[in-house]
Amino acid sequence: MSTEQREGHGYDELRDEGWRRLLAAARRRLERTGGALDGDIGLAAPSEAERRTVIGITGRYRPETAKRLAVPLSDLDGYLYGRYGTGLLQTLGRLHGPLRDRPAERAEEEARRDDALKSAHSSRLAGQGWFAAWLDRIAADGTLTRLVRRGDAPLLDSAVRVLERLTGDGDRSAGSPKRVPGVLPLPVLAEWATGDTKALVPGAPLEQLVLRALARRTGGGSEVPPDRAGRRALWESAGAIADDLASQVLVLNIGASGDTVVCDWLRDAAGFGIPFRLTLHQLATDPVVPAARTIFVCENPAVLRAAAGELQDTGAALVCTEGVPSAACHKLLGDAVRAGARLHWRADFDWVGLRITADAVARHAAHPWRMTATDYRAALGKGESTPLAGPPAASPWDPALALVMEESGSAVMEERLLSVLLSDLTGA
């Protein structure tokens, strides 16, 4: 054998038809087993060139009618070493680059997954059900594996830091982002968590991770809303602001104390009983202290619309959350409470409505308004209802309410109580 052959050159015949599939199958097998030269590989429906190659390797005749040809890896290794002076592993490496050690890669990948999950489970949030469910889901559906494979595992730690900050359990050190109550711009949060102000822009991997967790936290499952408004509502449910102009709150008869343009607008609107929208930008840059000492809060615009139409400027001050309260809503009502106002809060009789009300009680010391088991039964008897959806929630202010709702399995929108709500607004 020539010196050139001994040094591994002259592999041209191994690129011919008779060898290509055979060596590709050998490579797959060796990468899968970590380079073990035991067992054999097979070729289905072999061509004539492949049949002749296998005969040459094994020294055993194979008929033209053979449907599958098996070649022991040890025979292939010995043949290549005898002919080229390089065994199977070295030959494959010289032809197409080093072989992958897939078992070692899997072990390393699993170790990185375990490390990432261990770090996340050390969070102060680990004892909360929504947080644990979020981690279980991203570990089970391949999300974490994809992060690990593309080198983005540290994003999980960043997501945890963001969630800790948003839920009030995060870093309170000098480097932690500060905010006006209810106002934490996403670029500020992103820069603090990752050093990149754009890490939480729509569609970014970190944004998706955090929003999936917030969806769990609000009881909406693990799916991120596909629409911009839905994603904005999720951020605002945790006090983060994607757009301080898009975050709004709908009010009626609020009035305001103060000598500012926005306060003038509110007083004019209240004087004529006209519904008015405030943006978070206005509330943050032109402070508003609501004049009303008693403020009612509803969930659906239909209630505020009816109050504006029937009561006009004679009704009590009313704020509509339009679903999950926005950051603008929380800021307005938080400022009102700090100024001495008393909140009477209600929402739909569904699981999300219970969560909204429970959060209002905890955050603003709000008093539930027509949100008892008795009110629910009365509303339930006034017409058809829709089935309750999503995970159940508690009603700490009246534990019987959640129990009765779960027993009936029906959701009731607050419009069902419209007449009695308008009566309350009239007599306040």
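Parameters and conventions
Residues numbered from 1 in each chain as written. Predicted model: local features only at pLDDT ≥ 70, side-chain atom pairs only at ≥ 80, totals over all residues. Heavy atoms only, no water. Helix = DSSP H or I, 4+ residues; strand = E, 2+ residues; numbered from the N terminus. Rg over C-alpha atoms; globule rule 2.2 N^0.38 Å. Buried < 20%, exposed > 50% of the residue type's maximum accessible area, 1.4 Å probe, protein only. Contact = heavy atoms within 4.5 Å. Areas by Shrake-Rupley, 256 points an atom, 1.4 Å probe, with all protein chains shown as cover. Lys, Arg positive; Asp, Glu negative; His and termini not counted. Charge placed at Lys NZ, Arg CZ, Asp CG, Glu CD. Pairing = 2+ DSSP bridges. Axes fitted to C-alpha atoms, helices over the stretch in contact; angles between N-to-C directions. Phe/Tyr/Trp six-rings, centres within 6.5 Å; stacked < 30°, edge-to-face > 60°. Polar contact = N/O pair within 3.5 Å; in protein donor to acceptor, adjacent residues only side chain to side chain.

Trainee: Help me understand the overall build of the protein chain, please; the structure alone is not making it clear to me.
Mentor: A tally of helices and strands in the protein chain yields 20 helices and ten strands. Computed over the C-alpha atoms, the radius of gyration of the protein chain is 33 Å, more than 25% above the 22 Å expected from 2.2 N^0.38 for a compact globule of 428 residues. For the protein chain, the spread of C-alpha atoms along the principal axes amounts to about 105 × 50 × 35 Å. Counting the 428 residues in the protein chain, one finds 47% classified as buried. Partitioning the contacts of the protein chain with sequence separation of at least 6, the portion at a separation of at least 24 is 67%. Accessible area for the protein chain stands at about 20,000 Å²; split by element, carbon and sulfur atoms hold 52% of it. Computing the positive centroid from 53 side-chain charges and the negative centroid from 56, the protein chain places the two 4 Å apart.

Trainee: Teacher, can you tell me more about the sheet that holds strand β8 (residues 367-368) here?
Mentor: The strands making up a sheet are joined through hydrogen bonds of the backbone, oriented either antiparallel or parallel. Here six strands make up an open sheet; going across it, the order is β4-β3-β6-β5-β7-β8 and the pairing mixed. Bordering the open sheet on either side are β4 (276-279) and β8, each of which pairs with just one other strand. In terms of strand pairing, strand β5 (residues 294-298) meets strand β7 (residues 342-345) through four bridges, oriented parallel. Across the sheet, I295 pairs through a bridge with L343, a residue of β7. Against the sheet, helix α13 (residues 261-272) makes contact with β3 (248-252) and β4, and its axis sits at roughly 160 degrees relative to β4, the strand it touches most. The strands that helix α17 (residues 351-364) touches are β7 and β8; relative to β7, the one it contacts most, it runs at about 170 degrees.

Trainee: Which parts of the structure should I look at to understand the packing of aromatic side chains?
Mentor: Here the distance between the centres and the angle between the planes together describe a pair of aromatic rings. Enumeration according to the criterion identifies seven aromatic pairs in this entry. With a centroid separation of 5.8 Å and an interplanar angle of 90 degrees, the aromatic rings of W130 and F131 are classed as edge-to-face. Judged on exposure class, the residue W130 and its partner F131 are both buried. Judged by centre distance (5.5 Å) and plane angle (55 degrees), the rings of F131 and W134 are tilted.

Trainee: Sorry, what's going on with the pairing of β5 here?
Mentor: It is a general feature of regular strands that their side chains alternate between the two faces of the sheet. For β5, the tally of buried residues reaches four of five residues, placing the bulk of the element in the interior. The sheet contact formed by β5 and strand β6 (residues 317-320) spans four bridges and is parallel. Paired with F296 across the strands is L318, a residue of β6.

Trainee: Please explain the side chain of N300 as it appears in this structure.
Mentor: Position of N300 relative to the elements: it lies in the loop between β5 and α15 (301-310). Assessed through its relative accessible area of 13%, N300 is described here as buried. A polar contact is formed between the side chain of N300 and the side chain of E415, at a distance of 3.2 Å. Filtering out sequence-adjacent residues up to four positions away, N300 remains in contact with C320, D348, E414 and E415.

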